Amino acid sequence: MKKPTFTAALAKEQDAVPDPPAKPKDDRINTTLRISPEGLEALKNVAAAKRIRVNDLLLEGAEYVLSLNGRKMQLRK
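The following paragraphs examine the structure supplied in this document.

About the cut-offs
Residues numbered from 1 in each chain as written. Predicted model: local features only at pLDDT ≥ 70, side-chain atom pairs only at ≥ 80, totals over all residues. Heavy atoms only, no water. Helix = DSSP H or I, 4+ residues; strand = E, 2+ residues; numbered from the N terminus. Rg over C-alpha atoms; globule rule 2.2 N^0.38 Å. Buried < 20%, exposed > 50% of the residue type's maximum accessible area, 1.4 Å probe, protein only. Areas by Shrake-Rupley, 256 points an atom, 1.4 Å probe, with all protein chains shown as cover. Lys, Arg positive; Asp, Glu negative; His and termini not counted. Charge placed at Lys NZ, Arg CZ, Asp CG, Glu CD. Contact = heavy atoms within 4.5 Å. 1 Å grid on protein atoms, 1.4 Å probe; cavity = no way out; pocket = protein on both sides within 12 Å on 5 of 7 lines; lining within 4 Å. Points joined across faces, edges and corners; volume = space filled by probe spheres on them. Nonpolar A, V, L, I, M, F, W, Y, C, P; charged D, E, K, R; others polar.

**Some remarks on the overall build of the protein**
- Helices and strands together make up the secondary structure of the protein, namely 3 helices and 0 strands.
- Along the chain direction, N to C, the helices and strands of the protein fall in the order α-α-α.
- Its C-alpha atoms give the protein a radius of gyration of 24 Å, clearly above 11 Å, the size a compact globule of 77 residues would have.
- Each principal axis of the C-alpha atoms in the protein carries an extent, and together these give about 75 × 30 × 25 Å.
- Looking at the protein as a whole, 6% of its 77 residues qualify as buried.
- Carbon and sulfur atoms make up 57% of the accessible area of the protein, which totals about 7700 Å².
- Between the averaged position of the 15 positive side-chain charges in the protein and that of its 10 negative side-chain charges there is a distance of 2 Å.

Set out below in structure tokens:
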């Protein structure tokens, strides 16, 4: 039996790799905030103390502002 060439083995390996499963659709919208380095450091310290991410901390603040203005809703998933 003839030994397969590197090219043939590589082609066979590429054929065997299945496509990754499709990610579920996320209906949320991305946005960007500009925060001073000092502000970001303070947010990171608070987030670390609460054992959450800075993004969750910011969404918590947004939920609070919305509830003060009569629009109580959950922004975090």
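Here the narrative resumes, following the displayed structure.
**Let's talk about the side chain of E63**
- With respect to the element layout, E63 can be found in helix α3 (residues 54-68).
- Each residue touching E63, except ones within four places of it in the same chain, is listed here: M73, Q74, L75 and R76.

**Some details on the layout of surface pockets**
- Its volume calculated, the largest pocket comes out at about 500 Å³.
- Lining the largest pocket are 15 residues, and of these I29, N30, T31, N55 and L59 sit closest to its centre.
- Of the residues forming the lining of the largest pocket, the biggest block, 5 residues, is contributed by α3.
- Considered class by class, the residues forming the lining of the largest pocket number 9 nonpolar, 4 polar and 2 charged.

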